[in-house]
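# Coordinate inspection notes
Listed here are the chains, written in short residue letters.
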Amino acid sequence: MKRSFTFMVSAAIVAALSPSLSAQWPLRPQPGVPKGTDGKPNLTAPTPRTSDGKPNFSGIWMRTERTEAPGSQPAGRPPLATFGNIGVGFKEGLPYQPWVAELLKKRSNAFDNPDALCLPQGPLEYHLDPQPREIIQLPQKIVIVYESNYGIRTIYTDGRTLPKQGEPQPYWHGYSVGRWDGDTLVVQTNNFRGALTNQPGDGWLDGKGDPFTDALTLTERFRRVNFGKLEIDVTIDDPKAYTRPFTVRVEQEVVADGSEMIEFICHENQQFLKLTGRAP
Amino acid sequence: MKIKAVVVMVGIGLLLAARPIVAHHAFAAEFDANKPIKLTGAVTKFDWTNPHAWIYIDAKDDSGKVANWGFELAAASGLMRSGWNRFSLKAGDVVTIEGTRAKNGSNNANAQTVIVASTGQKLFAGANQGQTP
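All of the points below concern the structure found in this document. Just so it is clear, the structure is predicted and the values come from calculations on it, not from any experiment.

So, about the overall build of chain A. Looking only at helices and strands, one finds four helices and nine strands in chain A. When its helices and strands are written in sequence order, chain A yields α-β-α-α-β-β-β-β-β-β-β-β-α. Seen along its three principal axes, the alpha-carbon backbone of chain A occupies a region of about 75 × 55 × 40 Å. For chain A, the share of sequence-separated contacts (at least 6 apart) that also reach a separation of at least 24 residues comes to 56%.

All names here are of chain A. Inspection of the sheet shows strand 5 (residues 175-181) paired to strand 6 (residues 184-190) by seven bridges, in the antiparallel sense. Bridging across to strand 6, Ser176 finds its partner in Thr189. Linking strand 5 back to strand 6 in an antiparallel pair, the connection comprises two residues, with Gly182 at a positive phi of about 65°. Strand direction decides the pairing type here: strand 6 and strand 7 (residues 217-224), joined by five bridges, are antiparallel. Within strand 7, the position partnered with Gln188 by the bridge is Thr219.

Our next topic: the environment of Val248(A). Residue and element names in this part refer to chain A. Examined against the element boundaries, Val248 turns out to sit in strand 9 (residues 246-254). As for Val248 and Gly89, which are separated by 159 residues in sequence, their C-alpha atoms are 8.4 Å apart. Setting aside anything within four residues of it in sequence, one finds Val248 in contact with Pro78, Pro79, Ala81, Ile86 and Val234.

The next thing to look at is helix 2 (residues 100-107) of chain A. Residues and elements named next belong to chain A. All buried positions along helix 2 are accounted for by Val100, Leu103 and Arg107. Looking straight down helix 2, one finds its buried side chains confined to an arc of 60°; they lie on one side. Those residues of helix 2 that are exposed and angled more than 90 degrees off the buried face are Ala101, Glu102, Lys105 and Lys106.

The next point concerns the nonpolar core. Ranked by size, the top nonpolar core spans 37 residues in total, and within it Ala81(A), Leu124(A), Phe212(A), Phe222(A), Val234(A), Ile236(A) and Val250(A) carry the most contacts. Where this core is concerned, the elements lending two or more residues are helix 2, helix 3 (123-128), strand 3 (141-146), strand 6, strand 7, strand 8 (229-237) and strand 9 of chain A. Of the residues forming this core, the biggest block, four residues, is contributed by strand 8 of chain A. Sequence-distant contacts of Leu124(A), that is, excluding residues within four places in its chain, are made with Ala81(A), Ile86(A), Leu205(A), Asp206(A) and Val234(A). By size, the runner-up hydrophobic cluster in this structure holds 36 residues, among which are Phe46(B), Ala59(B), Ala74(B) and Leu123(B).

Calculation rules
- Residues numbered from 1 in each chain as written.
- Chains lettered and ligands numbered in written order.
- Predicted model: local features only at pLDDT ≥ 70, side-chain atom pairs only at ≥ 80, totals over all residues.
- Helix = DSSP H or I, 4+ residues; strand = E, 2+ residues; numbered from the N terminus.
- Contact = placed C-beta atoms within 7 Å.
- Pairing = 2+ DSSP bridges.
- Buried ≥ 20, exposed ≤ 12 C-beta atoms within 10 Å, placed from the backbone.
- Arc of directions from axis to C-beta.
- Core = buried A, V, L, I, M, F, W, Y, C linked by C-beta atoms within 7 Å.

Read these as spatial facts, not as claims about activity.
Right under this line is the structure:
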């Protein structure tokens, strides 16, 4: 009796405070998280490995975006990319082909921004989106499910090579194959469709509209440094849009508090077209 | 003992809720940071949706006329992570909303703060509801 009264008082206090505890979503106990001596998750614990000894990237990952003064990155590390501007770390900016300036001007009003239009967001935006992504590592493939805008990528790790550049089926996400270089997963992707098409929401690398085209060969080097930290070095090799390849760094941290992915059906109440005068 | 545990759990829950939530937007294309608005009125509809939840209220505008206004919040998925849900607001609740007006002149705005008029309680906090201009 006494215990249930205490519980009722506690419940009343919780209900009075908002939000109510029962509404917390979706923190389930998460198995396999290494704990420190204080009982909290130890994000610097060693990298988890699969049964064949390779680093295991499986987990839900959040971007940990940060900026630094352009050109100030430590030696041996590429500049940090951000969701809004992947070239923000380059003192001289990105090595654009001349035609890109006009496209950036056109894109500066964000009317064609794929993020806002609920379209696939391009490889770097997906890496840097504030919504989580889940990496599912299987023996013959790695699947990345991005919570934002229905993103889903398959990276084939069964030894197959990239298809010929210019295959008749271009992809929003490109076609990806991965192989190991020590503890680094090297992923190559080609056969994007990109910016030089009649789909203005295609071919965006960031919120300001830095483009990619169907000439892009994307190289991503994934490194799970320890339990908590993922570093991805992304090289853009796209001679149609850029005069030379360049590389940026993406950093992510693993989710260790039991948070899970939540359904995000972007089109169910998309008001962007209406608010920008292109739909009634 | 049980009360203390509950309070600690709520505290941790609120701390964990402080994540940035959703990009999905091009704020400057839709809303004008130089056009603030503040209205008080009764909720007519609460759309618990992605990519944004929306609150609709009947409010008196500057001329004293009652009109229905829509205010854009963060994504439902983001609000959920901060502990809110589709019952957090219901028709008839009176709220004061501060926000920035839609560029197209419609009765819409992006919500920065939502406050329950009778208690002063801040709703949907912790969910990055206001987009940065």
